[in-house]
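# Secondary and tertiary structure notes
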Amino acid sequence: MGTSYANPQPQATNPEGAKNNDLGKLEKLKKKEAALSRLLAEVRMEKLDVLRNQPLRIGVIGFGRFGQFIAKTFSKYGEIYVTSRSDYTDIAQSMGMTYVPLSDPASFLDKELDVIILAVSIVSFEDTVRALVPHLKVKIAMDKARFGTSVGPLIVDVLSVKEHPRKIMLDLLPQECDVLCTHPMFGPDSGKDGWTGLNFVYERTRINQVILDPNDHHSFHQLSRAESIIGEEDNETFLDKLGHAHNLHEGNEGFAEGMDRMERFLSIWEEEGCKMVPLSCKDHDSYGANSQFITHLMGRILGQQGLEATPIDTKGFQSVLKLIGSTTADSFDLFYGLYKYNSNSLDTILKLRTAMDDVVLKLHEMDDKDKNQPPRWRDRATMVNWVEGFTKNHQSDEQKVLL
């Protein structure tokens, strides 16, 4: 009798159990992924801590009155190297800094600077950048050949106009250089007693060869250990000018290290008590034409009147004299730069002329209604002739300005 074999029976399947098993594996993988993410974040923070323990090496190009003013405060936070057309060796040494002649840019860049501040006038800004660029390119190429890296210094401007230097830096500087546009809204006079409460305007412009969205203002101070929130991805993302999102750690550490360097520099101003105002360069210049430029314009116009203090000055007139003094104390080059390099300034001038014309015409209208009471200091006909002549000249001058 042959052996009989029972037909094998298919094993019963449990779809629900298999699903639960897969979910269990997925949950374990997620936990492992989260643990690795935390470990990577901790390593990155330790790396940034090492970088922070090395003081920023800050270079200042332009060691005039303003350059000395900011460099003095920076010296509390890092090593300062300065260069300028004039020889400031003695002044720099007395402030604990190193002076390098402007004629030797290679030696200046050999200081392995983290940050370079361009503290020059508006009218000389472009020439200064153009002169610096070839030496930056050589330095970056040499570093790449020696160390395999090609990271340039963070370049910072401190001009009173913003779109002009922004365009120049983005157009001319090597891509390896990060860019930060700033405007300290104070100077040696207004900031002589400290920077607390004074406005500091800035735009993070370029990091790791990516041009940032100028309207993306969220803070990156979470890069400091005390304020970091490990695992909260939104704190480490930012937008470029096209609206694309980037992560600080994508591809390489260039974003994280560049952002950290920028934040360390910004933190100096914050630590000194400045009111930090993130603002696009475009918005800055729009606001500036109707605040800073018109202030300087009125100060210059009133200064042309030769006004002087009198024994019967009111508080209001004392404020006028103070305005004249504060605006005319700055060089005319600064005033000219505010005019030439802010596309909104001409509109401000024309609006001021129109406003003055309107006020004078209102005086004329009231005088016309008051025919029976002519001014005692001169006859009405003289007033009418003056107003008509003013209006005619105003229109002619406006046409000249527009041309």
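Structure report, in brief. (Residues numbered from 1 in each chain as written. Predicted model: local features only at pLDDT ≥ 70, side-chain atom pairs only at ≥ 80, totals over all residues. Heavy atoms only, no water.)

## Here's the deal with the packing of helix H8 (residues 281-303) against helix H10 (residues 332-340)
- H10 packs onto H8 with a crossing angle of 130 degrees between their chain directions and a minimal axis gap of 10 Å. Viewed along their axes, H8 and H10 adopt a mutual orientation that is oblique. In the packing of H8 onto H10, the handedness of the crossing is left-handed. Mapping the contact onto sequence places Gln292, Phe293, His296, Leu297 and Arg300 in H8 and Phe332, Leu334, Phe335, Leu338 and Tyr339 in H10.
- Taken together, the residues of the contact of H8 with H10 sort by class into seven nonpolar, two polar and one charged. (Axes fitted to C-alpha atoms, helices over the stretch in contact; angles between N-to-C directions. Helix = DSSP H or I, 4+ residues; strand = E, 2+ residues; numbered from the N terminus. Parallel < 35°, antiparallel > 145°, perpendicular 65-115°, else oblique. Left-handed = near helix turned anticlockwise from the far one by under 90°. Contact = heavy atoms within 4.5 Å. Nonpolar A, V, L, I, M, F, W, Y, C, P; charged D, E, K, R; others polar.)

## Details of the packing of aromatic side chains
- Counting across every chain of the model gives 14 aromatic pairs.
- Both rings, one in phenylalanine 63 and one in tyrosine 88, keep their centres 5.5 Å apart while their planes meet at 85 degrees; by these two values the pair is edge-to-face. On the criterion of sequence distance, the pair formed by phenylalanine 63 in the loop between strand S1 (56-61) and helix H2 (65-74) and tyrosine 88 in the loop between strand S2 (78-83) and helix H3 (89-94) is long-range, its members being 25 residues apart. For the residue pair phenylalanine 63 and tyrosine 88, the accessibility class agrees, reading buried in each case.
- Both rings, one in phenylalanine 293 and one in phenylalanine 335, keep their centres 5.8 Å apart while their planes meet at 10 degrees; by these two values the pair is stacked. (Phe/Tyr/Trp six-rings, centres within 6.5 Å; stacked < 30°, edge-to-face > 60°. Buried < 20%, exposed > 50% of the residue type's maximum accessible area, 1.4 Å probe, protein only.)

Distances and angles like these do not, on their own, reveal function.
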